[in-house]
Amino acid sequence: MGLAIAHQLARCGTAVVVLSRRRSEAAGFVAAGMLAPHAEGLQGSLLELGQQSLQRIPAWVAQIEADGGSSCGLRPCGIVVPFATIAERDRYPTAAWGQPLDRTALEREAPGIGPGWQAGLLFEQDGQIDNRRRLMRALERACVALGVAFQEGSEVLELRQNGRGALAGVRLRTAEGDENQLPARRAVLTGGAWSARLLPQLPVFPVKGQMLSLQGPRQALQRVIFGPGTYLVPREDGLLVVGATSEPEAGFAEGLTPFGQRQLQAGIAALLPQASQWPPMERWWGFRPCTPDQAPLLGPSPIEGLWLATGHHRNGVLLAAITAELLACSVAPEGRPSRGDRAGGEVQSDEQALPAGLRASLLQAFHWERFTAPAQPPG
């Protein structure tokens with residue numbers, strides 16, 4: 001979120017500094033990179049947000065690649081969601097957006113899928129992006145090319161406010177251990193699972209996830225398989241990303257656990273038995289920034305001048321494009337993305353730009369105060 005928003009703000013001509021305690025903590029480096037509003041079964045405003053972002057991703061990626069000169073690894077491969085029965089398939093919240101599959105069609109779309117799955121949905125509009133190896137690096141390069149400054153190893157300790165309660169800057173600790181004051185009248189909090197440490201009133205908490213990758217044969221699997229509790233994301237070079245456990249009770253406890261790794265192996269055996277024989281490549285963990293309704297916090301914060309882009313839970317990579325657009329328009333409404341300065345560098349035409357009314361309604365739907373507003377009486 002920090003890189004995506006910094007990139008858009010820099011294109012609007014805004015001077016941007018990215019403060020990062022430890023870049024490897026970022027959820028963008030540990031997620032699987034699925035672009036799956038339909039396969040995830042999202043509903044309501046969150047589904048609309050996901051669909052709007054999915055629509056923007058190809059042009060957003062083209063812009064990043066043009067600005068930074070490196071590929072993001074976008075792959076519109078489609079996603080298969082398997083089910084034990086046809087009845088379960090037809091009850092899925094987003095079934096209307098998918099192509100129904102019987103067992104024969106399921107085997108065709110996901111060769112080698114386990115025998116316990118008798119039906120499925122194919123969401124051809126969903127896909128993936130190679131976030132760990134390519135997107136994050138491409139975003140960094142695009143930001144650098146546009147003049148974004150980075151202070152890696154700088155931990156923000158406190159948000160400073162002026163006498164009116166508006167943002168005045170931050171107190172931070174550098175990698176060398178020095179404490180400094182950095183003045184700022186505008187900032188975006190993209191602290192992920194750690195966001196509530198700076199704003200305790202935010203209902204953001206960590207949900208730990210463990211993952212692994214296997215090296216399979218090239219072309220062994222073309223579609224992502226999104227099963228219950230486990231998903232398999234095949235990269236073009238045959239690497240298979242497997243995720244992910246969901247451990248809200250773990251807090252910020254780091255490290256792999258035998259229980260979590262056994263859970264992933266069981267998921268592999270159920271979804272794609274042949275992959276159980278493929279050699280493991282990496283094992284890692286990370287912390288999803290979650291909210292009580294599993295939807296993000298976007299827009300103004302309790303502090304004037306500070307905006308929020310956090311709480312994206314398991315849809316951060318999917319929602320990066322729309323989040324960057326919403327926040328850039330909020331933080332720098334006077335700015336306009338530069339156009340025509342780099343070949344292929346335009347994110348979107350005027351027809352693709354989010355209408356002001358829809359932008360306002362989305363920001364309202366994901367405002368942080370939805371958790372503090374008084375309950376409305378029935379009827």
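Conventions and cut-offs
- Residues numbered from 1 in each chain as written.
- Predicted model: local features only at pLDDT ≥ 70, side-chain atom pairs only at ≥ 80, totals over all residues.
- Heavy atoms only, no water.
- Helix = DSSP H or I, 4+ residues; strand = E, 2+ residues; numbered from the N terminus.
- Expected span 1.5 Å × (residues − 1).
- Buried < 20%, exposed > 50% of the residue type's maximum accessible area, 1.4 Å probe, protein only.
- Axes fitted to C-alpha atoms, helices over the stretch in contact; angles between N-to-C directions.
- Parallel < 35°, antiparallel > 145°, perpendicular 65-115°, else oblique.
- Contact = heavy atoms within 4.5 Å.
- pLDDT = per-residue confidence, 0-100.
- Phe/Tyr/Trp six-rings, centres within 6.5 Å; stacked < 30°, edge-to-face > 60°.
- Core = buried A, V, L, I, M, F, W, Y, C linked by side-chain atoms within 4.5 Å.
- Salt bridge = Lys/Arg side-chain N within 4 Å of Asp/Glu carboxyl O.
- Pairing = 2+ DSSP bridges.

**Student:** Break down helix α7 (residues 316–331) for me, citing the residues and quoting the values.
**Tutor:** The terminal C-alpha atoms of α7, which comprises 16 residues, lie only 20 Å apart, well short of the 22 Å expected from a rise of 1.5 Å per residue. For α7, the buried fraction is high: 15 of the 16 residues fall into the buried class.

**Student:** Any chance you could break down the packing of helix α1 (residues 2–11) against helix α2 (residues 44–68) for me, citing the residues and the numbers?
**Tutor:** Where α1 contacts α2, the axes come no closer than 12 Å and their chain directions differ by 70°. Relative to α2, the element α1 lies roughly perpendicular. Mapping the contact onto sequence places Ala 4, His 7, Gln 8 and Arg 11 in α1 and Trp 60, Gln 63, Ile 64 and Asp 67 in α2.

**Student:** Which residues make up the confidence of the model for the chain, and what values do they have?
**Tutor:** With 93% of its residues at a pLDDT of 70 or more, the chain has an overall mean of 94. Scored below 50 in pLDDT, residues 339–351 makes 27 contacts in the model with residues more than four places away or belonging to other chains. Low pLDDT, under 50, characterises residues 375–379; the stretch is placed with 0 contacts to residues that sit more than four places away or in other chains.

**Student:** Give a detailed account of the packing of aromatic side chains, specifying residues and quantitative values.
**Tutor:** Applying the stated criterion across every chain yields a total of 5 aromatic pairs. Ring plane angle 20° and centroid distance 5.0 Å describe the contact between Trp 194 and Phe 252, whose orientation is recorded as stacked. Of this pair, Trp 194 sits in the loop between β12 (187–189) and β13 (205–215) while Phe 252 is found in the loop between β16 (239–243) and α6 (258–271), placing the two residues 58 residues apart along the sequence. The exposure class assigned to Phe 252 is partly exposed, which follows from its relative accessible area of 28%.

**Student:** Explain the nonpolar core to me, and be specific about the residues and the numbers.
**Tutor:** Leu 49, Trp 60, Ile 64, Leu 135, Leu 326 and Leu 327 are the most contacted members of the largest nonpolar core, which totals 49 residues. Elements supplying a minimum of two residues to this core: α1, α2, α5 (131–145), β19 (306–310), α7 and α8 (356–365). For this core, the element with the highest residue contribution is α7, accounting for 11 residues. Here Ile 64 is in contact with His 7, Gly 69, Cys 72, Leu 135, Ala 138, Leu 139 and Ala 142, once residues within four sequence places are set aside.

**Student:** Residue-level account of the pattern of salt bridges, with values.
**Tutor:** Going through the model one piece at a time under the given rule, you end up with 23 salt bridges. Salt-bridge contacts for Arg 21 lead to Glu 155; the nearest nitrogen and oxygen are separated by 3.4 Å. Of this pair, Arg 21 sits in the loop between β1 (17–20) and β2 (34–35) while Glu 155 sits in strand β9 (residues 155–161), and the two are 134 residues apart along the sequence. Classification of Glu 155 by relative accessible area gives partly exposed; the value is 26%. Where Glu 109 meets Arg 223, a salt bridge forms, and the shortest distance between an N and an O atom there is 3.0 Å. Of the two residues, Glu 109 sits in helix α4 (residues 103–109) while Arg 223 sits in the loop between β13 and β14 (224–226), which places them 114 residues apart along the sequence.

**Student:** Account for the sheet that holds strand β18 (residues 297–300), with residues named and values stated.
**Tutor:** With mixed pairing, 3 strands are arranged side by side in an open sheet as β12-β19-β18. The two strands at the open ends of the sheet, each matched to only one other strand, are β12 and β18. Between one strand axis and the next, the sheet turns through 20° on average, direction left out of account. As judged from the 3 bridges shared by β12 and β19, these two strands associate in the parallel manner. Directly across from Ala 187, in β19, lies its bridge partner Leu 306.

**Student:** Could you give me a rundown of unusual backbone geometry, with the residues and numbers involved?
**Tutor:** With the exception of glycine, most residues fall at negative phi, and the peptide bonds are largely trans. Following Gly 243, the chain continues to Ala 244 via a peptide bond in cis, the omega torsion being -20°. Relative to the helices and strands, Ala 244 is located in the loop between β16 and α6. Positive phi outside glycine occurs at Gln 294, with the angle close to 60°. Here Gln 294 is to be found in the loop between β17 (280–290) and β18. Under the relative-accessibility criterion, Gln 294 is labelled partly exposed at 42%.

**Student:** Let's hear about the sheet that holds strand β11 (residues 179–183): which residues, and what values?
**Tutor:** Overall, antiparallel pairing links the 3 strands, which are arranged β9-β10-β11 in an open sheet. Looking along the sheet, the strands with just one partner apiece sit at the ends: β9 and β11. Each adjacent strand pair in this sheet contributes to an overall mean axis angle of 25°, direction not counted. Relative to β11, strand β10 (residues 167–173) is paired through 5 bridges, and the arrangement is antiparallel. Of the residues in β11, the one forming a bridge with Val 170 is Leu 182.

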